[in-house]
Amino acid sequence: RPYPHGFHGFRMLLIPSRASSPRMMAAPDLRLPDSEWRARLSAREYEVLRREGTEPAWSHEFNALEEEGVFTCAACATPLFRSQEKFDSGSGWPSFWAPAGDDAVITSVDFKLGLPRTEVRCAACDGHLGHVFSD
């Protein structure tokens, strides 16, 4: 199932080219009170991950990044996506065609804009990562 556009709320863990790929293993379930998330995250990370905000298109530092590595959740460091599955969708947001592992993300359908959209969240901390859009 493709995971094309609208992803944000993650950090990049760079892997030296000579290193082996890290094990893709989800973090344990991490549910914290809102006050703890506010203390742990930057204002921008909190808005995206906990309040389902959207960064402006073309503003994410990883949109054009082509280095080898693993994209991890900015809230809990769970591996979410690998650079091997990243592609340029032309959407202005980092895009991936698959998650790092079957248990890395969870999806649900939301109707917040009137039409159905598939929302993607971190499986470990329930952080909002973006939406899947078909091309």
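Residues numbered from 1 in each chain as written. Predicted model: local features only at pLDDT ≥ 70, side-chain atom pairs only at ≥ 80, totals over all residues. Heavy atoms only, no water.

Caption draft 1: Geometry of the pattern of salt bridges. Across all of its chains, the model carries ten salt bridges by this definition. Note that Glu85 is salt-bridged to Arg82, the shortest N-O span being 3.0 Å. Given a relative accessible area of 8%, Glu85 falls into the buried group. Residue Arg82 is classed as partly exposed on the basis of its relative accessible area of 22%. Linking Arg117 and Asp110 is a salt bridge whose minimum nitrogen-to-oxygen distance equals 3.2 Å. Each member of the pair, Arg117 together with Asp110, is buried. Salt bridges sharing common partners tie together Glu52, Lys112, Glu119, Arg121 and Asp126. (Salt bridge = Lys/Arg side-chain N within 4 Å of Asp/Glu carboxyl O. Buried < 20%, exposed > 50% of the residue type's maximum accessible area, 1.4 Å probe, protein only.)

Caption draft 2: Representation of the packing of aromatic side chains within the structure. In this structure the tally under the stated criterion is two aromatic pairs. The interplanar angle of 70° and the centroid separation of 5.0 Å between the aromatic rings of Phe71 and Phe96 together place this pair among those described as edge-to-face. Here the residue Phe71 occupies a position in strand S2 (residues 69-73), and Phe96 occupies one in strand S5 (residues 95-96), the gap between them amounting to 25 residues. Taken individually, Phe71 and Phe96 each receive the classification buried, so the pair is uniform in this respect. (Phe/Tyr/Trp six-rings, centres within 6.5 Å; stacked < 30°, edge-to-face > 60°. Helix = DSSP H or I, 4+ residues; strand = E, 2+ residues; numbered from the N terminus.)

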